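Summary of the model geometry
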Amino acid sequence: MAHPSQLGFQDAASPVMEELLHFHDHALMIVFLISTLVLYIIVAMVSTKLTNKYILDSQEIEIIWTILPAIILILIALPSLRILYLMDEINDPHLTIKAMGHQWYWSYEYTDYSDLAFDSYMVPTQDLAPGQFRLLETDHRMVVPVDSPIRILVSAEDVLHSWAVPSLGVKMDAVPGRLNQTAFILSRPGVFYGQCSEICGANHSFMPIVVEAVPLEHFENWSSLMLEDT
């Protein structure tokens, strides 16, 4: 998860987030090179009184500074479109979970099971156990298996919400009356935190999201225990 004074993104926990991190570094390097060139031109213009008369009216230079930005935009657009289509691909999910946003908590329904559903509320500060994070921990975590394609169906009961987990590269709006879907594959076990990313009311900052990734065997044991409790 994020920590104080962190400058970069959270560590990736899914293949899509890894691609997003690579694209970020790629775009940042292009921006760095452009900024360096512009800074050099500004310093050269300010620090010298010399003028090259061949630059004052040169068709070749105008062609170059017209074509070069177009090439740079293509170098940014192609990887961006590739990731955009990767994020939209949902191929044969092993598990489908419906996440419903409420004011102000999330409810989860494992649609592949007949009776596996629960609400997920934020744990109040006074009830936190040692090691738990304030404003991020929930009483029921969304447990999913590792290395399995997971499909999330996202909607809302009352107002606009947004189901977002940064380390998974997932952010999907929850719109009342509309069912949106997204997917991810968790590449390692762990606990990953997110929050509602829409201004959904007075307690907007008090409806966190906790995704716990476990091996498949542990997930099956957990689902069996949850079904027994219900």
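Because the structure is a prediction, the values reported are computed rather than measured.

Regarding the overall build of the protein chain
A count of helical and extended segments in the protein chain gives four helices and 10 strands. For 230 residues, the compact-globule estimate of 2.2 N^0.38 gives 17 Å, and the C-alpha radius of gyration of the protein chain, at 24 Å, exceeds that figure by more than 25%. For the protein chain, the proportion of its 230 residues judged to be buried stands at 33%. Partitioning the contacts of the protein chain with sequence separation of at least 6, the portion at a separation of at least 24 is 64%. In the protein chain, 10 side chains carry a positive charge and 27 a negative one; their mean positions are 13 Å apart.

Details of the side chain of N180
The residue N180 is located in strand β8 (residues 180-185) in this model. When its relative accessible area of 13% is taken as the criterion, N180 is described as buried. Here D173 takes part through its backbone oxygen, which lies 2.9 Å from a polar atom of the side chain of N180. Beyond its immediate chain neighbours, meaning those up to four positions away, N180 contacts I152, L153, V154, M172, D173 and V175.

So, the domain arrangement of the protein chain
Here the protein chain is partitioned into domain 1 (15-88) and domain 2 (95-229). Relative to domain 2, the C-alpha centre of domain 1 lies at a distance of 40 Å. If you look at the interface, domain 1 gives six residues, while domain 2 gives six residues. Of the roughly 390 Å² buried at the junction of domain 1 and domain 2 (both faces included), carbon and sulfur atoms supply 55%. By the criterion of area lost to domain 2, the three top residues of domain 1 are P15, M17 and M87, representing 78% of everything that side buries.

A few points about the sheet that holds strand β3 (residues 117-120)
Within a sheet, adjacent strands bond to each other through the backbone by hydrogen bonds, running parallel or antiparallel. Spatially, the five strands line up as an open sheet ordered β3-β2-β1-β5-β8, and their pairing is mixed. Strands at the two margins of the open sheet, each flanked by one partner only, are β3 and β8. On average, each strand axis in the sheet is inclined to that of its neighbour by 25 degrees, with strand direction left out of account. Here six bridges tie strand β1 (residues 95-102) to strand β2 (residues 105-110), and the two strands are oriented antiparallel to one another. Across the sheet, G101 pairs through a bridge with W106, a residue of β2.

Section: helix α1 (residues 15-47)
Since the α-helix advances by 3.6 residues per turn, residues separated by three or four positions end up pointing in the same direction. Over its 33 residues, α1 runs 48 Å from end to end, which matches the ideal 48 Å to within 8%, given 1.5 Å per residue. Next to the buried residues of α1 lie α3 (59-88).

Describing the environment of S224
Examined against the element boundaries, S224 turns out to sit in helix α4 (residues 216-229). Overall, S224 belongs to the partly exposed group, its relative accessible area being 38%. Spatially, the C-alpha atoms of S224 and L116 are 9.4 Å apart, while their sequence positions differ by 108 residues.

Thresholds applied
- Residues numbered from 1 in each chain as written.
- Predicted model: local features only at pLDDT ≥ 70, side-chain atom pairs only at ≥ 80, totals over all residues.
- Heavy atoms only, no water.
- Helix = DSSP H or I, 4+ residues; strand = E, 2+ residues; numbered from the N terminus.
- Rg over C-alpha atoms; globule rule 2.2 N^0.38 Å.
- Buried < 20%, exposed > 50% of the residue type's maximum accessible area, 1.4 Å probe, protein only.
- Contact = heavy atoms within 4.5 Å.
- Lys, Arg positive; Asp, Glu negative; His and termini not counted.
- Charge placed at Lys NZ, Arg CZ, Asp CG, Glu CD.
- Polar contact = N/O pair within 3.5 Å; in protein donor to acceptor, adjacent residues only side chain to side chain.
- Domains from an automatic or database assignment.
- Buried area = accessible area lost by both parts, 1.4 Å probe.
- Pairing = 2+ DSSP bridges.
- Axes fitted to C-alpha atoms, helices over the stretch in contact; angles between N-to-C directions.
- Expected span 1.5 Å × (residues − 1).

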